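Close look at the chain arrangement
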Amino acid sequence: MNEQHMIERKAFIFNKQKYNLYDGPGVRSMVFFKGCPLRCKWCANPEGLERRYQIMLKPTACVRCGACVSACPQGIHLISSDGTHTVDRDKQCIGCGACVNACMQATLKVAGEEASISELLAYLEEDRSFYEHSGGGVTLSGGEVTAQPEAAINLLMACKREGLHTAIETCGYTKKDTFLRFAEVVDLFLFDIKHMDPERHAQLTGVRNEMILENLEMLLMKRANVKVRMPLLKGINDSEEEIRAVIDFLTPYKDFKNFRGIDLLPYHKLGVNKYVQLGMDYAIDGDPSLDDADLDRIEGWLKNEQFPVVVVRH
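Residues numbered from 1 in each chain as written. Predicted model: local features only at pLDDT ≥ 70, side-chain atom pairs only at ≥ 80, totals over all residues. Heavy atoms only, no water.

Here we come to unusual backbone geometry. Here the bond from G142 into G143 is cis, since omega is 15°, no more than 30 degrees from zero. Relative to the elements of secondary structure, G143 occurs in the loop between β8 (137-142) and α6 (149-161). With a phi angle near 60°, R64 is a residue other than glycine that sits in the positive phi range. Checked against the element boundaries, R64 lands in the loop between β3 (54-57) and α2 (67-71). On the basis of relative accessibility, which here comes to 43%, the residue R64 falls in the partly exposed class. If you check the backbone angles, A106 has positive phi at about 55° while not being a glycine. (Helix = DSSP H or I, 4+ residues; strand = E, 2+ residues; numbered from the N terminus. Buried < 20%, exposed > 50% of the residue type's maximum accessible area, 1.4 Å probe, protein only.)

Structural data, given as structure tokens:
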């Protein structure tokens, strides 16, 4: 593959973010890839699940003027006789943004955009001085970044060529060969463990976890740098039995130099409003947030087994 072809490949993304302090070392810039093979019930980025353009509507901000109805070439927007604004999710948004431009209330957003590798690289290089002073770099997230391997690997190759530290957040659900290709251009894998029991994992995420755990073991054995991340929800994956299962699984790798410890990610509600905007149901009932005592207890179990662990509080 020649360099020009690599630079012009395009990624399908839904967000870019600067000055991130939680997803890898130092100050980081992030690109969020659209599309994910999992359907985690608590997902904070539901606009990243499907690899297609989607309309996000803030219903309480809409004044029902109808400007979007006449602007949309696909006939996606509907204003009913009682004034209710609905989005026809069965029709395909083409991402033209005509409805967004027509809306005077900033009620609408198109989730999804194509961006070339050269465009993304230019964005990521803007904060090079912050990376150099903080030991930071670039983190690719999602969605699931490994679901777009060609675009993601080419972007990571371009970052490495420019001397940028690279990391990816991953659910781990992809082919081994794909991970091995990523391992050549990734300095740090931020790898999720959501639940250790395969059946319960399938109930919570839509897929079993055997392939995920095999990929995690493979990366550790191949001496790729890996930090394990554990999203935690009260009554779902915070029991001593569950944490002990994680400990048992990771103990053989605890002293590997490339095992970079564990991040605990407490449940938060930052993405709940996005479900309303996308016309989706939020699958988590109640509030499974953990309090400080819960987190201290889980952190203590891990530290007692000599695991380096950090509670990441947004």
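After that view, the rundown keeps rolling.
The next point concerns the packing of aromatic side chains. On inspection of all chains with the given rule, the structure shows 8 aromatic pairs. For the ring pair F259 and F307, a centre distance of 6.1 Å and an interplane angle of 85° mean the geometry is edge-to-face. One end of the pair, F259, is in strand β12 (residues 259-266); the other, F307, is in the loop between α12 (292-304) and β13 (309-311), with 48 residues separating them in the sequence. Across this residue pair, the class does not change: F259 and F307 are buried. Ring pairs connect the aromatic residues F179, F189 and F191, which therefore count as one cluster. A cation over a ring is seen here: R223 above F256, with NZ or CZ 4.2 Å from the ring centre. Across from the ring centre of F307, 5.5 Å away, lies the NZ or CZ of K254, which sits over that ring. (Phe/Tyr/Trp six-rings, centres within 6.5 Å; stacked < 30°, edge-to-face > 60°. Lys NZ or Arg CZ within 6 Å of the ring centre and 35° of its normal.)

Moving on, we come to the packing of helix α4 (residues 117-125) against α6. The contact between α4 and α6 brings their axes to 10 Å, and the two run at 45°. Regarding the angle of α4 to α6, the classification is oblique. In the crossing of α4 with α6, the sense of the turn from one axis to the other is right-handed. Of the residues in α6, those touching α4 at I117, L120, L121 and L124 are A151, N154, L155, A158, C159 and R161. Among the residues forming the contact of α4 with α6, the class breakdown is 8 nonpolar, 1 polar and 1 charged. (Axes fitted to C-alpha atoms, helices over the stretch in contact; angles between N-to-C directions. Parallel < 35°, antiparallel > 145°, perpendicular 65-115°, else oblique. Left-handed = near helix turned anticlockwise from the far one by under 90°. Contact = heavy atoms within 4.5 Å. Nonpolar A, V, L, I, M, F, W, Y, C, P; charged D, E, K, R; others polar.)

Our focus in this paragraph is the pairing of β12. With 7 of its 8 residues buried, β12 lies for the most part within the structure. As paired strands, strand β11 (residues 226-232) and β12 are joined by 6 bridges and run parallel to one another. Bridge assignment links V228 to a residue of β12, and that residue is I262. On the question of chirality, the crossover connecting β11 to the parallel β12 by way of helix α10 (residues 240-250) is right-handed. Note: β12 against β13, 3 bridges, orientation parallel. Note that in β13 the partner of L264 across the bridge is V311. (Pairing = 2+ DSSP bridges. Right-handed = clockwise from strand over helix to strand, strands pointing away.)

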